[in-house]
Amino acid sequence: MMKEPHLVLGVLNGDDIGHEVVPAAVAIASAAAEKHGLDIAWRPMPIGRNALDTHGSTLPEGTLETLAKMNGFVLGPIGHRDYPKGPGAINPHPIMRKHFNLFANVRPTRSYPDIGCLYDDIDLVIVRENNEGFQPDRNVVAGSGEFRPSEDMTISVRVITRKGSDRVARVALELARSRRKLLTLVHKNTVFKLGCGMFVEECYKAAKDYPDVTVNEVIVDTMAMRLVRDPQSFDVVVTTNMFGDILTDEAAGLVGGLGMAPGLCIGDGDFAMAQATHGSAPDIAGTGKANPYAMVDSTRMLLDWLGRRHKIAQAVEAAQTMERAMTATLADAKARTGDIRGQGNTASMTAAVIAAIRRAG
Ligand code: ATP
């Protein structure tokens, strides 16, 4: 009888640099998996522009159902703004986050030496609510969260629910508990008294179950300033969708840019999606300039999270080995990419990480 793999994972390249950084992430994760006897069955699936050309849809029929039978997936960046207009050309990732109820987007920011970080001691995680808030393509189940009653007026609505706030707060509290036990709520309840007010209220209610975690709060505009001035004072940050979208890009700017900004989308279940913060970067696609770190680290987070969730020690160990190999590679200016002060490219950086994994004791 054939042995069952430990994990079955979908691989969806996305668009543009996705075709470079996703294969890099899979190659690196496979090398780490091999090292630790972790058996991963990777299942490549079409998505985005290529899928539109071959299957008539950027999210081909059956994709969600097939993914649902797996443990999770790696999703590359989606370049939906360049899709030709037509019925099959939709932005797939909000649909996926919603379908799998991946309501928390966990985005770490960490300094590494010599790569152009603005500080050398940043280590924070922003947990962004993923499925409601201001984003009109995902805050309703039908129609859109913005509309135009007359030619000269547009109304955009922001959705905040007690349940949505409570569950994202709990993800952040759990994470804070495993780290430095400090959670910062970011909001603007001074103006959005009802919306942000509800978010903050639910966060404090959830925090009662985590007495070991210290909770404080910062108004979002102050947060934008403090992230630049004293990012070291933050451990875990939780915030609503749009604030989180903006602050995570700002945080990426502190540590070398979007190539250094990984992410993992999770929910209540045992299923997760690795998705870097960056977009598909059409300006550098095909040039070999794409920094694979963000996508690789997102995949590392996926292995670590699934390993802990499903009690697969080999997956947690493989993630640790990936982390060490990437740290070693980031210290090598010849291997790392130009955006982080290196002389290398996607291929050299990927090869160096794989070599470090194979060398590891
Ligand atoms: P989206 O709105 O889809 O998130 P965006 O408008 O934020 O996309 P990106 O595609 O993320 O834009 O690119 C923004 C800039 O960052 C571009 O100049 C791009 O080249 C750069 N960039 C993004 N990702 C990487 C990466 N992995 N390596 C190097 N540079 C990157």
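All residue numbers here refer to positions counted from 1 along the written sequence of the relevant chain. Predicted model: local features are reported for residues with pLDDT of at least 70 only, side-chain atom pairs are reported and counted for 80 or more only, and whole-chain, interface and lining totals are derived from all residues. The side-chain values count all of the structure's non-hydrogen atoms but skip hydrogen atoms and water molecules.

Colleague: Talk me through the sheet that holds strand β12 (residues 272–274); I want residue IDs and the actual numbers.
Modeller: Here ten strands make up an open sheet; going across it, the order is β2-β1-β3-β12-β11-β4-β5-β10-β8-β9 and the pairing mixed. Lying at the two open borders of the sheet, with one neighbouring strand each, are β2 (40–44) and β9 (214–219). When the angles between neighbouring strand axes are averaged without regard to direction, this sheet yields 25°. At least two DSSP bridges between two strands are required for those strands to pair. Helix and strand labels come from DSSP, where a helix needs a run of H or I of at least four residues and a strand needs a run of E of at least two; each type is numbered from the N terminus. Here strand β8 (residues 182–187) runs beside strand β10 (residues 236–239); their pairing, made up of four bridges, is parallel. Axis lines are fitted through C-alpha atoms, for helices just across the contact stretch, and the angle between N-to-C directions can take any value from 0 to 180 degrees.

Colleague: Break down the state of the cysteines for me, citing the residues and quoting the values.
Modeller: Any two cysteine sulfur atoms lying within 2.5 Å of each other are counted as a disulfide. Scanning the model with the defined rule gives zero disulfides in all. Considering cysteine sulfurs only, C196 is the nearest to C203, which forms no disulfide, with 10 Å between them. The class for C203 is buried, based on a relative accessible area of 1%. For every residue, the accessible area obtained with a 1.4 Å probe (protein chains only) is divided by the maximum for its type, and the residue is called buried under 20%, exposed over 50%, and partly exposed between those limits.

Colleague: Give me the pattern of salt bridges: which residues, what numbers.
Modeller: Think of a salt bridge as a Lys or Arg side-chain nitrogen and an Asp or Glu carboxyl oxygen that are within 4 Å of each other. Summed over the entire model, instances satisfying the criterion amount to 20 salt bridges. Among the salt bridges present, the one from R180 reaches D123, with a minimum N-O distance of 3.6 Å. Residue R180 is located in the loop between α5 (162–177) and β8, and its partner D123 is located in strand β5 (residues 123–129); the two are separated by 57 residues in the primary sequence. As a salt-bridge pair, R128 and D245 come within 3.7 Å of each other at their nearest N and O atoms. Within this pair, whereas R128 is found in strand β5, its partner D245 is found in helix α8 (residues 241–254), the two being separated by 117 residues in sequence. Its relative accessible area of 3% is what places R128 among the buried residues.

Colleague: Give a detailed account of the domain arrangement of the protein, specifying residues and quantitative values.
Modeller: Domain delimitation in this document rests on an assignment produced automatically or drawn from a domain database. Taken as a whole, the protein is organised into domain 1 (1–103 + 269–361) and domain 2 (118–254). Between the C-alpha centres of domain 1 and domain 2 there is a distance of 25 Å. Any two residues whose heavy atoms approach within 4.5 Å at even a single point are treated as in contact. If you look at the interface, domain 1 gives eight residues, while domain 2 gives twelve residues. When domain 1 packs against domain 2, the two sides together hide about 940 Å² of surface, and 46% of this comes from carbon and sulfur. Accessible area that two parts lose when put together, with a 1.4 Å probe and added across both, is what the buried area reports. Among the residues domain 1 hides against domain 2, the three largest losses belong to R97, K98 and F103. Together they make up 65% of the total. One can count zero salt bridges joining domain 1 with domain 2. Whenever two N or O atoms come within 3.5 Å, that pair is a polar contact, provided that in protein one can donate a hydrogen and the other can accept it, and provided that, for residues adjacent in sequence, both atoms are side-chain atoms. Along the contact surface separating domain 1 from domain 2 lie six residue pairs in polar contact (both at pLDDT 80 or more).

Colleague: Any chance you could break down the site of the ligand for me, citing the residues and the numbers?
Modeller: Proximity criterion: a residue is near a molecule or strand once any of its heavy atoms comes within 4 Å of it. Every one of the 13 residues lining the ligand counts as a neighbour, but R81, G279, A281, D283 and N291 are closest to it. Separating an oxygen atom of the ligand from a side-chain N or O atom of R81 is a distance of 2.9 Å. Here a nitrogen atom of the ligand sits 2.9 Å away from a polar atom, N or O, in the main chain of N291. Within the complex, 66% of the 620 Å² of free accessible area of the ligand lies under protein. Per-residue accessibility takes into account occlusion by the displayed protein chains alone, with areas from the Shrake-Rupley method and a 1.4 Å probe.

Colleague: Please provide a residue-by-residue account of the packing of helix α9 (residues 293–309) against helix α10 (residues 313–330), values included.
Modeller: Axis separation between α9 and α10 bottoms out at 7 Å; the angle between their running directions is 155°. In terms of their interaxial angle, α9 and α10 are classed as roughly antiparallel. Crossing of α9 over α10 shows left-handed handedness. Counted together, Y293, V296, D297, T299, R300, L303, D304, G307 and R308 of α9 and A315, V316, A318, A319, Q320, M322, E323, M326 and L330 of α10 form the full contact between these two elements. Roughly parallel refers to an angle under 35 degrees, roughly antiparallel to one over 145, roughly perpendicular to one between 65 and 115, and oblique to any angle outside these ranges. We call a crossing left-handed when the near helix sits turned anticlockwise from the far one by less than a right angle, and right-handed when that turn is clockwise.

Colleague: Describe the packing of aromatic side chains, and please don't skip the residues or the numbers.
Modeller: Each pair of aromatic rings is reported with the distance of its centres and the angle of its planes. Classification of ring pairs uses Phe, Tyr and Trp, with its six-membered ring standing for Trp, and accepts pairs whose centres are within 6.5 Å; under 30 degrees between planes counts as stacked, over 60 as edge-to-face, and the remaining range as tilted. Tallied over the entire structure, the rule returns four aromatic pairs. Ring centres 5.8 Å apart and planes at 45° place the aromatic pair F73 and F271 in the tilted group. Placement of F73 in strand β3 (residues 72–75) and of F271 in the loop between β11 (264–266) and β12 is noted, with a sequence separation of 198 residues between them. Under the relative-accessibility criterion, F73 is labelled buried at 0%. What links up through ring pairs into an aromatic cluster is the set F73, F100 and F271. Between R158 and the ring centre of F192, over which it is positioned, the NZ or CZ distance is 5.0 Å. Cation placement over rings: the criterion is NZ of Lys or CZ of Arg within 6 Å of the ring centroid and within 35° of the ring normal.

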